[in-house]
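Descriptive analysis of the structure
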Amino acid sequence: MSGFEWIVPVILTVITAATPLVFAGIGELVTEKSGVLNLGVEGMMLMGAVAGFVTATVTGNYFLAVLVAAFAGAVMAFLFGILTLSLMANQVATGLALTLFGVGLSALMGQSFVGEPVDPLSKLNIAGLSDIPFVGPILFGQDGLVYLSFVLVAGVSWFLYKTKAGLILRAVGDSHDAAHSIGYSVIGIRYLAVMFGGAMSGIGGAYLSLAYTPMWAENMTAGRGWIALALIVFATWKPGLVMVGAYMFGGITILQLHAQAAGLSVPSQVLSMLPYLATIIVLVMISKDQSRIRKHAPACIGKIFHPAA
Amino acid sequence: MSLKYIPTLLGAVAVAGSMLLGSAASAEDKVGFVYVGPVGDHGWTYRHDLGRQAVQNAFGDKVKTTFVESVKEGPDSERVIRQMAADGHKLIFTTSFGFMNPTLKVAKQFPGVKFEHATGYKRTDNVGTYSARFYEGRYVVGKIAGKMTKSNVIGYVGSFPIPEVVRGINAMTLAAKSVNPDVTVKVAWVSTWYDPGKEGDAAKALIDQGADIIFQHTDSPAPLQVAEGRGVWAVGQASDMTKFAPKAQLTAIIDDWDGYYVARTKAVLDGSWKSDDTWGGLKSGMVALADYNSAIPADVVKLAEETRKGIEDGTINPFAGPFNKQDGSVGAAAGSALDDGTLLGMNWYVEGVEGQLPQ
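The model shown is predicted, which means the values in this text are computed figures rather than measured ones.

Scoring rules and cut-offs
Residues numbered from 1 in each chain as written. Chains lettered and ligands numbered in written order. Predicted model: local features only at pLDDT ≥ 70, side-chain atom pairs only at ≥ 80, totals over all residues. Helix = DSSP H or I, 4+ residues; strand = E, 2+ residues; numbered from the N terminus. Contact = placed C-beta atoms within 7 Å. Buried ≥ 20, exposed ≤ 12 C-beta atoms within 10 Å, placed from the backbone. Pairing = 2+ DSSP bridges. Axes fitted to C-alpha atoms, helices over the stretch in contact; angles between N-to-C directions. Parallel < 35°, antiparallel > 145°, perpendicular 65-115°, else oblique. Nonpolar A, V, L, I, M, F, W, Y, C, P; charged D, E, K, R; others polar. Right-handed = clockwise from strand over helix to strand, strands pointing away. Domains from an automatic or database assignment. Expected span 1.5 Å × (residues − 1).

The next point concerns the overall build of chain A. Looking only at helices and strands, chain A features 13 helices and 0 strands. Listing the helices and strands of chain A from first to last along the sequence gives α-α-α-α-α-α-α-α-α-α-α-α-α. The long-range fraction of contacts in chain A, counting pairs at least 24 apart against all pairs at least 6 apart in sequence, stands at 78%.

The next thing to look at is the overall build of chain B. Check the secondary structure of chain B and you find 11 helices and 14 strands. By its C-alpha atoms, chain B is 95 × 45 × 35 Å across when sized along the principal axes. The buried share among the 359 residues of chain B stands at 52%. A sequence separation of at least 24 residues applies to 64% of the contacts in chain B between residues at least 6 apart.

Moving on: the sheet that holds strand β1 (residues 29-34) of chain B. All names here are of chain B. The strand order β2-β1-β3-β4-β5-β11 describes an open sheet built from 6 strands, whose pairing is parallel. In this open sheet, the two edge strands, each paired with only one partner strand, are β2 (63-68) and β11 (277-280). The average undirected angle you get between the axes of adjacent strands in this sheet is 15 degrees. Of the pairings in the sheet, the one linking strand β3 (residues 89-94) to strand β4 (residues 114-118) comprises 4 bridges and is parallel in character. By the bridge assignment, I92 is partnered in β4 with F115. In this fold helix α2 (residues 44-59) packs onto β1 and β2, with an angle of close to 165 degrees to the strand it touches most, β2.

With that settled, the discussion passes to the environment of S284 of chain B. Take S284 of chain B: it is sitting in the loop between β11 and β12 (287-289). Between the C-alpha atoms of S284 of chain B and D256 of chain B, which are 28 residues apart in sequence, the distance is 9.7 Å.

Residue and element names in this part refer to chain A. At their nearest, the axes of helix α1 (residues 7-33) and helix α9 (residues 186-212) sit 6 Å apart, and the two run at 170 degrees to each other. Judged by the inter-axis angle, α1 sits roughly antiparallel to α9. By residue class, the composition of the contact of α1 with α9 is 15 nonpolar, 8 polar and 1 charged.

Across the contact, 33 residues belong to chain A and 33 residues belong to chain B. The set of elements that each furnish at least two residues to the side of chain A that touches chain B consists of α1, α9, α11 (239-261) and α12 (268-288) of chain A. For the side of chain A that touches chain B, the leading source of residues is α11 of chain A, giving 6 residues. Of the residues that constitute the side of chain A that touches chain B, the class distribution is 20 nonpolar, 12 polar and 1 charged.

Attention now goes to the pairing of strand β8 (residues 213-216) of chain B. The alternating pattern of β8 of chain B places I213 and F215 of chain B and I214 and Q216 of chain B on opposite faces, both of which are buried. After leaving β8 of chain B, the chain enters helix α8 (residues 222-230) of chain B and then returns to the sheet as strand β9 (residues 233-238) of chain B, a path that is right-handed.

This part takes up the domain arrangement of chain B. All names here are of chain B. Split by domain assignment, chain B resolves into domain 1 (27-132) and domain 2 (134-254 + 287-344). Element by element, the count of residues in the side of domain 1 that touches domain 2 is highest for α2, at 3 residues. Its residues assigned to classes, the side of domain 1 that touches domain 2 comprises 6 nonpolar, 4 polar and 2 charged.

Turning our attention to helix α7 (residues 196-208) of chain B. For an α-helix the count is 3.6 residues per turn, leaving residues at separations of three or four pointing the same way. Residues and elements named next belong to chain B. The terminal C-alpha atoms of α7, which comprises 13 residues, lie 18 Å apart, in line with the 18 Å expected from a rise of 1.5 Å per residue. Among the 13 residues of α7, 13 are classified as buried, and the element is accordingly described as predominantly covered. Of the residues trailing α7, G210 is marked for its positive phi of about 110 degrees.

Another point: the sheet that holds β12 of chain B. Residue and element names in this part refer to chain B. Sheet architecture is open: 6 strands sit in the order β7-β6-β8-β9-β10-β12, paired in mixed fashion. The strands lining the two open edges of the sheet, one partner per strand, are β7 (184-189) and β12. Mean inter-strand twist for the sheet, computed between neighbouring axes without regard to direction, equals 20 degrees. Looking at chain direction, strand β10 (residues 249-255) and β12 are connected through 3 bridges and run antiparallel. Directly across from I254, in β12, lies its bridge partner A288. On top of the sheet, helix α6 (residues 163-179) reaches β6 (153-158), β7 and β8; it is set at about 170 degrees to β6, its chief contact. Running at roughly 165 degrees to β9, α8 makes contact with β6, β8, β9 and β10 of the sheet.

Spelled out as structure tokens, the structure:
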């Protein structure tokens, strides 16, 4: 492959690598904006992956599969909500427990489906547009969930910053006592936010098992949930930057494999480290400016809400 | 005797009773299997589990086989192996290279239990090793690849740069170059035995870099799926992966542990087990090839079959000279071949492989 021909396939691969991170990241962003820290993203993604895969294998209906995956993620998040919002357990510990639970439960549920292939999610193929060289496949040749991810980022951004409901959600996250005293149901809003986050994580997981590698394998998220959590901090809780971060991480992951395949004489172990190293470096750079974090982080994140009298 | 001794007496009776019952129940011998991946990986672990089932079928009631799957290499594996040994297992198969030190450690503490470590190289009185000459299979497929490639670039998804994996890369490259001197081999290391996402990404990267045949030394069918989707060829690993890539799979290198596992279990049962190193290949049946893709031309199939038969009867040695190492120095001179010792410690590429081998 000479010249710039290789750029298009690389971009296409980067898009598929970044999309699960976008879904999980945006979902968790909404959860965190409401003041809840849900570390169970990995578990919710896996439950979504297995639920979506099983549905697709059994019914062949991919639309239903994505819905079921979202539902599975939301159910897991609901469990988390009961423990942390109603029973007021520690959010960090419960989130970690949710991850472990999701990893195990998904493995159990998926046991009889391991090693069964399924048809990948079909890509859009608009007759004239998809064939435009360079731009065609990138803009018009993606599968439905990729387009949904773009809509999602725009939608969440608009919701949070341009609607009253979004303002209330952010208020709950920044000062739950004040929001409560005005009369908003802090717990109710947080439940909704947490379940939305779970549903999006579920869809992100389903993308892995339906489009990325159309099969089910135990623990197939391989740490992507944790990366999504880091990306939200990296993006200082701004939806657009979450997408940028996801694409950066996905991009570096793919590029390092290309570098290896092209014969670059850097040890492969170093190249494998690069995506994580880049994430850490950016996080450190951002954290140096404490005021920036304080300005954007939801002030009440992780704090248990005790309704004052 | 006062009342306060009654709980202690009851406890003693309970313990004695359970010991009697326990010893009565252990009429069958237990054989354990420790797997590094899930049985459903449809690759490496799947084939080992078929071996376990063969043992169960061969010995029926006399033997009870158990297994633990998805055991990560490291401290977790030591715990699992020790638990099996303490549980009364007579023979334990640990099926991954990374289980080597945990196996040896536990074996020292349980001298009465026999251990068989796959793809390892350290042995003691009660630890034997075994492996298969997968590279023989790769040599045969390498000839097919050399003939079938149109871009003259072959891609290889590598797991870890251990000698076993390097042998496979080198054998395939030597075979491909012997029929097509213009071939180059590109390797992408994913640092895992099993991660479908990463394996698929590596395959995509290799294809985007020009490869039109994908080999792998990782355990999931993801690279084949990618190859199928992109319209290039691929080779199945450890088991027949046609289900995932009906058009793309040229053939597959199949591990067959059944015969070996049954033989070793028999040796433990009749007391003749001795620590040994077994390295079977095409001849002994430990390595086999899946059906050839119908799209392969007849003359290429003929070449592959001749190569296979040649390896089986010893006339062809995949690592016979002359060939050079990647750095230009002599790998093996004409008329000589690499011995097993060199193969076991192989940490260099042959000419034709691009990129640096991670040390």
